[in-house]
Amino acid sequence: MTKTLNVAMIGGGFMGKAHAMAYAAMPMFFWPAPAIPHRKVLVDLNAEMAKQGAARYGFEESSSDWKATIARKDVDVIDIVTPNDSHAEIAIAALKAGKHVICEKPLARTGAEAKTMLEAAQKSGVIHMVAFNYRRTPGVAFAKKLIEEGRIGKILNFRGTYLQDWSADPSGPLSWRFQKNIAGSGTVGDIGTHVLDFARYLVGEVSAVNAIVKTYIPERPLHTGGLDKLGASDKSMAGPMGVVDVDDEMITLLKFQNGAVGSIEASRNAHGRNNFLTFEIHGTKGSIAFNYERMDELQVMFADDPAETRGFRTIYTGPNHPYGQGLWPIPALGIGYGETKIIECYDFFSAIISGKQPSPNFEDGYKISAIADAILESGASERWVNVAN
Ligand code: SOE
């Protein structure tokens, strides 16, 4: 009989929607499921929001008290989908209470804060995961398999980008994502960390960075109400303005411990780019390229192909690729953001049942936050900065 595990989800915004959908759909995709996630309690800022969220996302109960929810004996999993400033407090309390924890990215606002979460996780003996979902894209997992099999040889270079444009409009409000005390950083933490997750997953540990970090829009209209809907939030330049104290764009060079080199560009002000999350990896025997905006596809080039057919080939991921057994029966039917979250949920519950830590876990989350810190420090000092171990 498949075990049922009760989930309490703290937060009900964009990420709450994605996680709730994954809890419902995971057993439909991956059967037999490792466990059935039961949507037990939805926690939000006040009783009405929590009630609405529970009704919308299919949770049995609602609450505005996350501490009381964590203390409940009938809750097995705590899912943190709140803004970054509450991740540490909630996660540490949940870990101390012996609950399995999945936390949205970035794990924390700084490396130091992430370290406190890692220490609590190491003491807890429970399963912990950070929701860097994009590595769950089958094409990305297939790139990892090709690299591990040595198919592109020794990796020489990683070139990653994450470009969006939802914050290019100066009339977009000063949401929490533009406030250092809540977000920790801007583009670096919000989207740069997704590329850092790719870099570590596919290439290895980053040892040093040399970055340019810029803020283009130094003040924005105060967020007067309503929900944070990114570029779609209410816009106005009429009201009072507030200071943006985080970065809009970063460009960094990377040195990897294994001798590979690389670069990352991340911006939320890149007009015309939506979710342009890409990487290209060059190895001694070939290359791999991925673009999330064409997420069913992986471009692969093998240097030993016959000269007349040499070049990138397009592979559409499907049943023969990672996670393919749970997804759709033929390639190119189309996968999306939802599938990455369903796969993430599958891997998290598989880890709980097997007792083996998944990746990325809080240790990975801490290491990524340490690289993010080094990028910010390098941007400020205009020097190479070694990544803290
Ligand atoms: C905003 O930049 C955002 O919602 C990020 O916070 C997510 O992590 C990314 O997946 C989509 O864009």
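What comes next concerns the included structure. All values reported here derive from a predicted model rather than from experimental measurement.

Close contacts around the ligand come from Phe14, Lys105, Tyr134, Tyr162, Gln164, Trp166, Arg177, Asp190, Ile191, His194 and Leu230, and that covers them all. The side chain of Tyr134 places a nitrogen or oxygen atom 2.4 Å from an oxygen atom of the ligand. The side chain of Asp190 places a nitrogen or oxygen atom 2.4 Å from an oxygen atom of the ligand. Taking 300 Å² as the accessible area of the ligand by itself, protein coverage stands at 94%. With 3 residues, helix 8 (residues 187-202) is the largest single contributor of residues to the shell around the ligand. Counted by class, the shell around the ligand contains 6 nonpolar, 2 polar and 3 charged residues.

Counted by the stated rule, this structure contains 4 cavities of 30 Å³ or more. Considered as a void within the structure, the largest cavity measures approximately 90 Å³ in volume. For the lining of the largest cavity, the class distribution of residues is 9 nonpolar, 4 polar and 1 charged.

Time to look at the sheet that holds strand 17 (residues 385-386). Pairing within the open sheet is mixed, and its 9 strands lie in the order 16-15-14-13-7-12-11-8-17. In this open sheet, the two edge strands, each paired with only one partner strand, are strand 16 (313-316) and strand 17. By the bridge criterion, 7 bridges tie strand 7 (residues 155-163) to strand 12 (residues 261-267) in an arrangement that is parallel. In the strand pairing of strand 12, Leu163 is matched with Ser267. Contacts between helix 8 and the sheet are confined to strand 7, strand 11 (249-256), strand 12, strand 13 (276-283) and strand 14 (286-291), with strand 7 contributing the most and set at about 155° to the helix. The sheet strands contacting helix 10 (residues 362-381) are strand 8 (206-214), strand 11 and strand 17, and the helix crosses strand 8 at an angle near 50°.

Topologically, Ser63 is positioned in strand 3 (residues 61-63). The spacing of Ser63 and Pro32 is 31 residues in sequence and 31 Å in space, taken between C-alpha atoms. With near-sequence residues (within four places) excluded, Ser63 lies in contact with Val41, Leu42, Val43, Asp44, Ala50 and Thr69. Within polar-contact distance, the side chain of Ser63 engages the backbone nitrogen of Asp65 at 2.9 Å.

Running from N to C, helix 5 (residues 111-124) and helix 10 cross one another at 165°; their axes reach a closest spacing of 8 Å. On the basis of their axis angle, the class for helix 5 and helix 10 is roughly antiparallel. As helix 5 packs across helix 10, the resulting crossing turns out to be left-handed. Two secondary-structure elements touch here, helix 5 through Gly111, Ala112, Ala114, Lys115, Met117, Leu118 and Ala121 and helix 10 through Phe362, Glu363, Tyr366, Ser369, Ala370 and Asp373. For the contact of helix 5 with helix 10, the residue count by class is 8 nonpolar, 2 polar and 3 charged.

Time to look at the packing of aromatic side chains. Taken as a whole and assessed by the stated rule, the structure comprises 14 aromatic pairs. Pairing Phe158 with Phe256 gives two aromatic rings, centres 6.4 Å apart and planes at 75°, and the pair type is edge-to-face. With Phe158 in strand 7 and Phe256 in strand 11, the pair connects residues that are 98 residues apart, well separated along the chain. Phe256 gets classed as buried once you look at its relative accessible area, which sits at 4%.

What counts and how
- Residues numbered from 1 in each chain as written.
- Predicted model: local features only at pLDDT ≥ 70, side-chain atom pairs only at ≥ 80, totals over all residues.
- Heavy atoms only, no water.
- Near = heavy atom within 4 Å.
- Polar contact = N/O pair within 3.5 Å; in protein donor to acceptor, adjacent residues only side chain to side chain.
- Areas by Shrake-Rupley, 256 points an atom, 1.4 Å probe, with all protein chains shown as cover.
- Helix = DSSP H or I, 4+ residues; strand = E, 2+ residues; numbered from the N terminus.
- Nonpolar A, V, L, I, M, F, W, Y, C, P; charged D, E, K, R; others polar.
- 1 Å grid on protein atoms, 1.4 Å probe; cavity = no way out; pocket = protein on both sides within 12 Å on 5 of 7 lines; lining within 4 Å.
- Points joined across faces, edges and corners; volume = space filled by probe spheres on them.
- Pairing = 2+ DSSP bridges.
- Contact = heavy atoms within 4.5 Å.
- Axes fitted to C-alpha atoms, helices over the stretch in contact; angles between N-to-C directions.
- Parallel < 35°, antiparallel > 145°, perpendicular 65-115°, else oblique.
- Left-handed = near helix turned anticlockwise from the far one by under 90°.
- Phe/Tyr/Trp six-rings, centres within 6.5 Å; stacked < 30°, edge-to-face > 60°.
- Buried < 20%, exposed > 50% of the residue type's maximum accessible area, 1.4 Å probe, protein only.

Just distances and angles here, no functional claims.
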